[in-house]
Amino acid sequence: MAEEKGLEQLKKEAAEKAKAAAAAREKGAASAKVKEEPAEKAKPSPNQHILDKYVQEIENHLGKEILEDSYINRLSKDIPTLVAKPDTYRKVAELLKYNEQLAFDYLSELHGGDFETHMEVYVHLYSFTNQQAVALKVKIERSNLEIPSLVPLWEGANWPECETYDLLGIRFTGHPDLKRILLGEEWIGYPLRKDYEPYDVEV
Amino acid sequence: MIRTEEMLLNVGPQHPSTHGVFRLVIKIDGEIIKEATPVIGYLHRGTEKLAEDLQYTQIIPYTDRMDYLAAMTNNYVLCHAVETMAGIIAPDRAEYLRVIAMELGRIASHLVWWGTYLLDIGATSPFLYAFREREMIINMLNELSGARLTFNYMRVGGVKWDAPEGWIQKVHDFVPYMREQLEGYHQLVTGNEIFMSRVKGIGSYTKEDAINYSLSGANLRCTGVKWDLRKNEPYSIYDRFDFDIPVRQDGDAWARYHCRLEEIEESLKILEQAVEQFPQDGPILAKVPKIIKPPKGESFVRIESPRGEIGCYIASNGKKEPYRLKFRRPSFYNLQILPKLLKGENMANLITILGAIDIVLGEVDG
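Notes on the structure in this doc start here. These numbers were taken from a predicted model, which means no experiment stands behind them. (Residues numbered from 1 in each chain as written. Chains lettered and ligands numbered in written order. Predicted model: local features only at pLDDT ≥ 70, side-chain atom pairs only at ≥ 80, totals over all residues. Heavy atoms only, no water.)

### Quick word on the overall build of chain B
No. 1: A count of helices and strands for chain B gives 15 helices and ten strands.
No. 2: Computed over its C-alpha atoms, the radius of gyration of chain B comes to 21 Å, within 12% of the 21 Å expected for a compact globule of 366 residues.
No. 3: With respect to the principal axes defined by its C-alpha atoms, chain B has extents near 75 × 45 × 35 Å.
No. 4: Across the 366 residues that make up chain B, the buried fraction comes to 60%.
No. 5: Sequence separation of at least 24 residues holds for 71% of the intrachain contacts in chain B that already meet a minimum separation of 6. (Helix = DSSP H or I, 4+ residues; strand = E, 2+ residues; numbered from the N terminus. Rg over C-alpha atoms; globule rule 2.2 N^0.38 Å. Buried < 20%, exposed > 50% of the residue type's maximum accessible area, 1.4 Å probe, protein only. Contact = heavy atoms within 4.5 Å.)

As structure tokens, then:
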């Protein structure tokens, strides 16, 4: 009897385990479905026409091959994203601010990032007149980390550019007072670079 | 004729009116400020660098320590960024808990501002009243999350803890109480002639300046720009509530004072509706994997914190840690206009102007 019971119990446990495994498989399938969804959502973004307008406006005024790339960033609430070249970055920014169709009067965010092969500056602009947003990016060679400053266009870019310089070592030419705003002038190295090694005299 | 000499004066880093470790080097000629140079970075902890070695859930406690007067919104902005990238939608009950927690935080933050601002310019008792009410909010948030200031409450896809029994009722009861107290605040301070003469027309700037200097929050709304991300770029469930955006036209400290106090009223409205609509039951956390790996790419989201626009940028390479994380910290951006405001001002107005910007140094330095 005792043995039988033991067997029964084992069977039960095995059945339960199988159930759990099946449930897990189902779950996995469900999550896989979720992952597939973006592919299904291949229809154009509602912001596509806005991006087209921006690109058109830039091409009309500055000519072709000013932008390296332009796309809708699906992961970032479908924001129209423009990628400028280091030498056209300032011109594009100027147009974005002063062109009436674009009129981006508000600089919401500016920061940089180290992507090992290159560095990037990311600018998020907003237009109160047109109620539209745009992300402006620029890729910079690590060998020549210099791009024009946006402070003459938006005063609000002042400290963010200092911060980017401080933490990543990107120099903004034409900035009125580029300084190491957070770490101080005596700090060695740029901490947010991926190849940064802390310098400590005591170690 | 009285002859004065130019003098260099340090305000801070340890000065109670700078609300943290903030230093201001000012050049004065007699009583007039010729030049002001802010020196920041004393509280820089390298949150963004630290985050590059942490999983997303592990970063949440670090966000608490940025704007420590309204940590709930900081929690939210990170979770919101990850959720936007990974396409996670938090359950209804969780969203309501988040909104209630964030709005309570907003009120608490504005109360601290109100109390300390008046303390700065010489009125001692309002501080005590403000902190009495703030203590009630903090106790409520403590019951919810287990911490008084550094909540670590939200998670990607929901919240960590459900509301304890009777907690929603407490929030419900707090709303009329706070309204009554707010009325008292107005009677105590708003009509006070000395106060008015200290703040009216002080530290004013135009709408164009505010936009040019990337100001946000009450600092932007005090110049007549009707802009609140809760309304203009609705996130979470803010589109379900009926509330206004308080706006003033003058752009001075007095206008900012009104904007903030009126924002408390609007937050109370939201709380009232949120408590009413609060779902009886349901999950508080969406089905998210234990280890969250947002897809490869980048995302920038921004939400409305008590101090303005707080944003979170994530660059992910599909791993469990962010490749690059950046917070757009409203205090950092708002403080930029200070040298411009102080130039040519009277020394006595320095604290009035600095206080009216409403900065938290943990956030300025990141």
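### A few points about the sheet that holds strand β9 (residues 308–316) of chain B
Residue and element names in this part refer to chain B.
No. 1: The strand order β8-β9-β10 describes an open sheet built from three strands, whose pairing is antiparallel. The open sheet has two free edges, formed respectively by β8 (297–305) and β10 (324–328), since each of these has just one partner strand. Averaged over all pairs of adjacent strands, the angle between their axes in this sheet comes to 10 degrees, without regard to strand direction.
No. 2: Sheet analysis places β9 next to β10, joined by five bridges and oriented antiparallel. Bridge pairing links A315 to R324 in β10. (Pairing = 2+ DSSP bridges. Axes fitted to C-alpha atoms, helices over the stretch in contact; angles between N-to-C directions.)

### What to know about the packing of aromatic side chains
Residues and elements named next belong to chain B.
No. 1: Inspection of every chain in the model, using the stated rule, returns 25 aromatic pairs over all chains.
No. 2: When the centroid spacing of 4.3 Å and the interplanar angle of 35 degrees are considered together, the rings of F127 and F131 count as tilted. Here F131 and F127 lie together in helix α5 (residues 125–145), a separation of four residues that amounts to about one turn.
No. 3: When the ring of W254 is compared with that of Y257, the centres are 6.0 Å apart and the planes differ by 0 degrees; the resulting orientation is stacked. Note that W254 and Y257 are positioned in helix α11 (residues 253–277) at a spacing of three residues, about one turn of the helix. (Phe/Tyr/Trp six-rings, centres within 6.5 Å; stacked < 30°, edge-to-face > 60°.)

### Thoughts on the side chain of H111(A)
No. 1: Note on placement: H111(A) falls in strand β3 (residues 106–114).
No. 2: Since its relative accessible area comes to 1%, H111(A) is described here as buried.
No. 3: Every residue in contact with H111(A), bar those within four places of it in the chain, is listed here: E120(A), V121(A), Y122(A), T164(A), Y313(B), R324(B) and K326(B).

### A look at the sheet that holds strand β2 (residues 79–84) of chain A
All names here are of chain A.
No. 1: On the basis of which strands lie adjacent, the open sheet formed by five strands has the order β1-β2-β5-β4-β3 and mixed pairing. Looking at which strands have only one partner, the edges of the open sheet turn out to be β1 (67–73) and β3. The sheet shows a mean angle of 20 degrees between the axes of neighbouring strands, direction not considered.
No. 2: Alignment of β3 against strand β4 (residues 118–127), held across eight bridges, turns out to be antiparallel. Looking at the pairing, H111 lines up with Y122 of β4.
No. 3: Running over the sheet, helix α2 (residues 48–62) touches β1, β2 and β5 (132–141) and is turned about 30 degrees from β2.

### Concerning the interface of chain A and chain B
No. 1: Tallying the contact residues gives 46 residues for chain A and 46 residues for chain B.
No. 2: Applying the counting rule to chain A against chain B returns five salt bridges.
No. 3: Across the salt bridge formed by K137(A) and E298(B), the nearest N and O atoms sit 2.4 Å from each other.
No. 4: Taken together, chain A and chain B are joined by 25 residue pairs in polar contact (both at pLDDT 80 or more).
No. 5: Looking at the side of chain A that touches chain B, the elements with two or more residues in it are β1, β3, β4 and α4 (158–168) of chain A.
No. 6: Considering each element in turn, the side of chain A that touches chain B owes the most residues, nine residues, to β3(A). (Salt bridge = Lys/Arg side-chain N within 4 Å of Asp/Glu carboxyl O. Polar contact = N/O pair within 3.5 Å; in protein donor to acceptor, adjacent residues only side chain to side chain.)

### Overview of the environment of V159(B)
All names here are of chain B.
No. 1: Position of V159 relative to the elements: it lies in strand β7 (residues 158–159).
No. 2: A residue is classified by how much of its surface remains accessible, and V159, at 1% relative accessible area, is buried.
No. 3: When the C-alpha atoms of V159 and M72 are compared, they prove to be 11 Å apart, with 87 residues separating the residues in sequence.

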